[in-house]
Amino acid sequence: MTESFLLAGLLNVFDPANLLAIVAGTLIGIVVGSMPGLSATMAIALLLPLTFAMPPETGISMLAALYLSAMYGGSIAAILLRTPGTPAAAATVMDGYPMAMKGKAGQALGISLTASLIGGVISSIVLLTFAPLLGSLALHFGPVELFAVAVLGITIVGSLSSGAMIAGLFSGVLGLLIATIGMDPTTGTPRFTFGELNLFSGVPFTVALIGLFSIPQAIRLILQGDANKDAAVSSIADRMLPRFKEFRALLPNIVRSGGIGVMTGLIPGTGGDTACWFAYNEAKRFARNKHEFGTGCPAGIAAPEAANNAVVGGALVPTIALGIPGSSSTAVLLGAFMVHGILPGPTLMTDHAEITYTLLWAVLFANIALFIVGLLFTRLCVSVTKVPNRVVAPIIVVLAVVGSFALNNSYFDIMLMLVFGMIGFAFDEFKIPTAPLVIGLILGPILDASLQQSMLIGQGSWMIFLENPISAVLLAIALFSILQATPIFGLAKKLRYRSSGPRNL
Amino acid sequence: MQTRILAATTAGLLASVMGFSTALAQEDQAGQDYVGGDEVTVLMGFKPGGGSDALAQLVQPFLADEMGVNFVNQYQPGAVGAIAWTRLAKQIEPDGETISITNTPMLMTNYIMNEAITYDISELTPIANIVTDPGVVVVAKDSPYKNFDDLINAAKENPGTVTVGNSGVGGDDWFSTIILSKEAGVEFQTVPFQGDGPSWTAAMGGKIDASFNNVGITYPQIEAGNLRALAVFAEERLPSLPDVPTAKELGYDVVAGSSRGYSAPAGLSEEARQQLANGLQRVTEDPEFQKAAADRAMNIDFMGPEKYTAYLQDQEQRFIEVWDEIKDEVQGSGS
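Residues numbered from 1 in each chain as written. Chains lettered and ligands numbered in written order. Predicted model: local features only at pLDDT ≥ 70, side-chain atom pairs only at ≥ 80, totals over all residues. Heavy atoms only, no water.

Visitor: How should I be thinking about the overall build of chain B in this particular structure?
Guide: Within chain B, the regular secondary structure consists of 11 helices and 10 strands. Buried residues in chain B amount to 55% of all 335 residues. Pairs at least 24 apart in sequence give 75% of the contacts found in chain B among residues at least 6 apart. Roughly 14000 Å² of accessible area belongs to chain B as shown, and the carbon and sulfur atoms make up 49% of that amount. (Helix = DSSP H or I, 4+ residues; strand = E, 2+ residues; numbered from the N terminus. Buried < 20%, exposed > 50% of the residue type's maximum accessible area, 1.4 Å probe, protein only. Contact = heavy atoms within 4.5 Å. Areas by Shrake-Rupley, 256 points an atom, 1.4 Å probe, with all protein chains shown as cover.)

Visitor: Quick question: what am I supposed to make of unusual backbone geometry here?
Guide: Residues apart from glycine generally show negative phi values, whereas peptide bonds are mostly found in trans. At the junction of threonine 104 of chain B and proline 105 of chain B, the peptide bond is cis and its omega measures out at 0 degrees in the coordinates. Residues other than glycine seldom take positive phi values, yet asparagine 409 of chain A does so here, at roughly 55 degrees. Relative to the helices and strands, asparagine 409 of chain A is located in the loop between α16 (389-408) and α17 (411-429).

Visitor: Honestly, the pattern of salt bridges in this entry has me stumped. Any pointers?
Guide: Opposite charge on two side chains permits pairing when their charged atoms draw close. All names here are of chain A. Using the criterion set out here, one finds 13 salt bridges over all chains in the structure. In this structure, arginine 220 engages aspartate 428 in a salt bridge whose closest nitrogen and oxygen atoms are separated by 2.2 Å. Of this pair, arginine 220 sits in helix α9 (residues 205-224) while aspartate 428 sits in helix α17, and the two are 208 residues apart along the sequence. A residue is classified by how much of its surface remains accessible, and arginine 220, at 26% relative accessible area, is partly exposed. (Salt bridge = Lys/Arg side-chain N within 4 Å of Asp/Glu carboxyl O.)

Visitor: It is not clear to me how the environment of glycine 345 of chain A should be interpreted in this structure. Could you clarify?
Guide: Position of glycine 345 of chain A relative to the elements: it lies in the loop between α14 (328-339) and α15 (353-382). In contact with glycine 345 of chain A, not counting residues within four places along its chain, are Ile320, Leu322 and Gly323 of chain A together with Pro220 and Gln221 of chain B.

Visitor: Can you help me understand a negative patch on the surface in this one?
Guide: Residue and element names in this part refer to chain B. A cluster of acidic side chains, namely Asp38, Glu39, Glu93, Asp95 and Glu97, defines a negative patch on the protein surface. Tracing the sequence through the fold places aspartate 95 in the loop between α3 (82-90) and β3 (98-104). Classification of aspartate 95 as partly exposed rests on a relative accessible area of 37%. (Patch = residues over 30% accessible without salt bridge, like charges linked within 9 Å, V, L, I, M, F, W, Y side chains within 5 Å. Lys, Arg positive; Asp, Glu negative; His and termini not counted. Charge placed at Lys NZ, Arg CZ, Asp CG, Glu CD.)

Visitor: For this particular structure, what's the right way to read a nonpolar patch on the surface?
Guide: Together, Ile368, Ile372 and Leu376 of chain A make up a nonpolar patch on the protein surface, roughly 300 Å² of accessible area in all. Relative to the elements of secondary structure, leucine 376 of chain A occurs in helix α15.

Visitor: Would you mind going over the pairing of strand β4 (residues 124-140) of chain B with me for this structure?
Guide: Along any regular strand, the residues point their side chains to alternate faces of the sheet. Residue and element names in this part refer to chain B. Burial of β4 is extensive: 17 of the 17 residues sit out of reach of the surface. Where β4 and strand β10 (residues 300-303) come together, 2 bridges link them in antiparallel fashion. Counterpart to valine 131 in the pairing with β10 is isoleucine 300. Bridge count for β4 against strand β7 (residues 210-214) is 4 bridges, and the pairing is antiparallel. Among the inter-strand pairings, valine 136 is bridged to a residue of β7, identified as asparagine 213. Across 5 bridges, β4 lies against strand β8 (residues 227-232) in antiparallel orientation. Bridge pairing links valine 137 to alanine 231 in β8. (Pairing = 2+ DSSP bridges.)

Visitor: Is there a simple way to think about the interface of chain B and chain A in this case?
Guide: Interface extent is often summarised as the accessible area lost during association of the parts. With 42 residues of chain B at the interface, the matching set in chain A holds 41 residues. For the pair chain B and chain A, the two sides together bury roughly 3500 Å², of which 62% comes from carbon and sulfur. When the area that chain B buries against chain A is broken down by residue, the three leading residues are Gln57, Lys207 and Arg296 of chain B, summing to 16%. Our enumeration of links across chain B and chain A arrives at 1 salt bridge. Close ionic contact of lysine 207 of chain B with glutamate 145 of chain A constitutes a salt bridge, the shortest N to O distance being 2.7 Å. Here chain B and chain A share 7 residue pairs in polar contact (both at pLDDT 80 or more) between them. When contributions to the side of chain B that touches chain A are tallied by element, the ones reaching two or more residues are β2 (70-75), α3, β6 (189-192), α7 (196-204), α8 (215-223) and α11 (305-332) of chain B. Of the residues forming the side of chain B that touches chain A, the biggest block, 4 residues, is contributed by β6 of chain B. When grouped by side-chain class, the residues that make up the side of chain B that touches chain A number 21 nonpolar, 18 polar and 3 charged. (Buried area = accessible area lost by both parts, 1.4 Å probe. Polar contact = N/O pair within 3.5 Å; in protein donor to acceptor, adjacent residues only side chain to side chain. Nonpolar A, V, L, I, M, F, W, Y, C, P; charged D, E, K, R; others polar.)

Visitor: It is not clear to me how the pairing of β7 of chain B should be interpreted in this structure. Could you clarify?
Guide: Residues and elements named next belong to chain B. The buried fraction of β7 amounts to 5 of the 5 residues, a majority that puts the element mostly inside the structure. Going residue by residue along β7, you find Ala210, Phe212 and Asn214 tucked away on one face and Ser211 and Asn213 tucked away on the opposite face as well. Across 2 bridges, the pairing between strand β5 (residues 163-166) and β7 is parallel. In the strand pairing of β7, valine 164 is matched with alanine 210.

Visitor: Hey, could you run me through the packing of helix α12 (residues 272-286) of chain A against helix α13 (residues 298-322) of chain A in this one?
Guide: Geometry of a packed helix pair, given as the angle between the helix axes and the separation of the axes. All names here are of chain A. Across the interface, α12 lies against α13 with an axial gap of 8 Å and an inter-helix angle of 145 degrees. For the crossing formed where α12 meets α13, the hand is right-handed. Residues Gly272, Ala275, Cys276, Ala279, Tyr280 and Ala283 of α12 form the contact with α13, whose participating residues are Ala299, Gly300, Ala303, Pro304, Ala307, Asn308 and Val311. Tallied by class, the residues present in the contact of α12 with α13 amount to 10 nonpolar, 3 polar and no charged. (Axes fitted to C-alpha atoms, helices over the stretch in contact; angles between N-to-C directions. Left-handed = near helix turned anticlockwise from the far one by under 90°.)

Visitor: Which parts of the structure should I look at to understand the environment of proline 433 of chain A?
Guide: All names here are of chain A. Along the chain, the position of proline 433 falls in the loop between α17 and α18 (435-457). Sequence-wise, proline 433 and glycine 168 are 265 residues apart; in three dimensions their C-alpha atoms are separated by 5.8 Å. The residues touching proline 433, leaving out its near neighbours within four places in the chain, are Ser161, Ala167, Gly168, Ser171 and Phe427.

Visitor: Just checking my understanding: could you explain the side chain of threonine 102 of chain B for this structure?
Guide: Residue and element names in this part refer to chain B. Residue position: threonine 102 is located in strand β3. Polar contacts involving the side chain of threonine 102 include one to the side chain of tyrosine 308, which spans 3.0 Å. Leaving out residues up to four positions away in the same chain, threonine 102 has contacts with Trp85, Leu107, Ser259, Arg260, Gly261, Tyr262, Ser263 and Tyr308.

Visitor: Sorry, what's going on with the confidence of the model for chain B here?
Guide: Low pLDDT means the predicted coordinates in that region are not meant to be read closely. Residue and element names in this part refer to chain B. Within chain B, residue pLDDT values average 85, and 89% of them lie at 70 or more. Within chain B, β8 carries the highest mean pLDDT (95), whereas helix α1 (residues 2-18) carries the lowest (40). In this model, residues 1-30 is a region of pLDDT below 50 whose contacts with residues beyond four sequence positions or in other chains number 24 contacts. (pLDDT = per-residue confidence, 0-100.)

Visitor: Just checking my understanding: could you explain the packing of aromatic side chains for this structure?
Guide: Geometry of an aromatic ring pair is reported as the spacing of the ring centres plus the angle between the planes. Residues and elements named next belong to chain B. In the structure shown here, the tally under the stated rule is 18 aromatic pairs over all chains. Centroid distance phenylalanine 62 to phenylalanine 289: 5.3 Å. Interplanar angle 85 degrees. Geometry classified as edge-to-face. Of this pair, phenylalanine 62 sits in helix α2 (residues 51-67) while phenylalanine 289 sits in helix α10 (residues 287-295), and the two are 227 residues apart along the sequence. Since its relative accessible area comes to 18%, phenylalanine 62 is described here as buried. Plain terms: the ring middles of tryptophan 174 and tryptophan 323 are 6.1 Å apart, the flat faces sit at 50 degrees to each other, and that makes the pair tilted. Of the two residues, tryptophan 174 sits in helix α6 (residues 172-184) while tryptophan 323 sits in helix α11, which places them 149 residues apart along the sequence. Here tryptophan 174 matches tryptophan 323 in class, with each residue buried. (Phe/Tyr/Trp six-rings, centres within 6.5 Å; stacked < 30°, edge-to-face > 60°.)

Structure, rendered in structure tokens:
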């Protein structure tokens, strides 16, 4: 039964119209993803009416291809402009841009593309084989478990601010504080809004992200002028695809990051924006050359990029198996099913199995389409680095303004973006890392809501977090992760060395 | 043929210049040209992909055919719709060129519960209601609560320990929980989530004891047997869930749900209002539309201008009463 649907879905994908839809979706996705402020979610929503006239499997394949390729597109702007095109590419900035500065923009994009392909394929395979099995996993993540995931995520601040711990903690705490702006999730009371209606739903994360990264970069380019242009821009001639030896060295990292991406996607409420940081953090934890992270290390690009593409498959698992969207983009995808008259839910795998399996195959083929289209398109994109700073800087500002307005059709958001631009610029000047602020902004709302909900469920007892096995384990890992970043851990290591030292001598 | 098009165009031009078109009889079924022009902006208070968007995507293509008017969605999400509705009430000209999808109860609970939100329904012209999604109480399939009385009795025996999820503070599910608690004289531990999905998912995973949601959203899971519906908050049993009793027949007078319709700013001409309402009514009577709505589990509940206005006013009154009673409790417990 399942096999026949698998086959029917595969044959559907090979329908010329569907292949064309996948390629078209891929192209649109890359372009949209590379524009700061235009997110995959928004692109799916905007494209949705266009797919009305298509047969459901064609329309949905196109939207899935778009979703997947937007994840890669986000890294183009992150690497070339130091401005993440989508929130899921925020971690790619950390090593992608420094690498491009070294004249290896092509190589950075090539690593990103390769990692995206493998991450995407891993998650497609998981999706095709284990979707019904893994689907129920999403049900195990309620508020209590989600709180523990968020706490674990917060500990990433420690590793992201190595070297500048106080500044990093300040940045992370400020992010958490800003995340409390808006209506309280359990009482509806507005907090820190000063009666400003536009702040009632909180600070829109994407708006803050655009401001934090793009405005300081534009200012920096302007200050730099075109003086050291030759040093900064890369030659397009550099090899894009990694050599086999390089690839083999990156592979364990990519597979691990892909796994992290699938898992993060599975958990409802967390998506590519969280997964990219988790993967980056783990890549750094496992790496021997920790000090190279942040200076243009290939592993620092491969990890977030493999993860954010793997999220797509992971997020689709509960969506397909149970009708529970694993991320905001899959929520819009579910909307697309509804528009085509398919009610999202458990019947997706039974009554509508043919369309669903077409979607699953489409995701797999979209990865391959993305790789091919990406190779061609990226060559064009790299030429951005040839454009003089005096042209690029204003373009970044224009994109930032348009992007932050387009998100909610709101002038207020443009002002908000500029305020965050100023914060980002100040942070750069005072050598305060921006990444922890981003982590705080992403995880703050999750922490806030899940903590309050857990306390309501647990009748006000904090023990609820330790009585629950999943959350207890996650919290223990978090504690370990914190200790690892403190002097205590180093001290313990030293003590052990000392006590065992003499005997060895 | 050509002359007819010409005549229609001239008529349209005349109509828009003169601002009314009563004298211009036309042969086509759509009747007179819409006085608000040939393009209407629909202000959306919620993100694309949500319930309001689903309604707009469903209704507006039919309405466009019916009225010969183009509908363009403008999304201004934020503050549970309050940003868009404040703009509708305070800034938009009532010329019929801009209307909005209005949802109950958020349209009213926004300003009832927050002093900073200053519009109210007297600043709007309700046009028509289109759909109402009745409330439903669901539990996991393996839940010990086999029927509605089990749930109520559990809450009676151990007040404040039965956890009940809802889609968020100020939403219809949240209000129906409060009204039911009062009716039955029990105390639930309410847990607000960010939207319907997380709430019923938590119930399905056994993270909470029950979830108050809407039928349209949970129907596929009820059908598949993953969730068990204990009661619906409708006047009568629903054709889609014939075995699920209404709260009313079980002795609890709770009829609740979320409704979505169209409204314009106050001062909209009676003519424009009637044209839109008539167009919407014809859409809801179209068998093709009815089928499309049924496919999407949307429960058509058409109310014309007068009825919709009265409905909104009645709901407003009820929410004010409930909120006055419980506001200290809710906002005081948030620490």
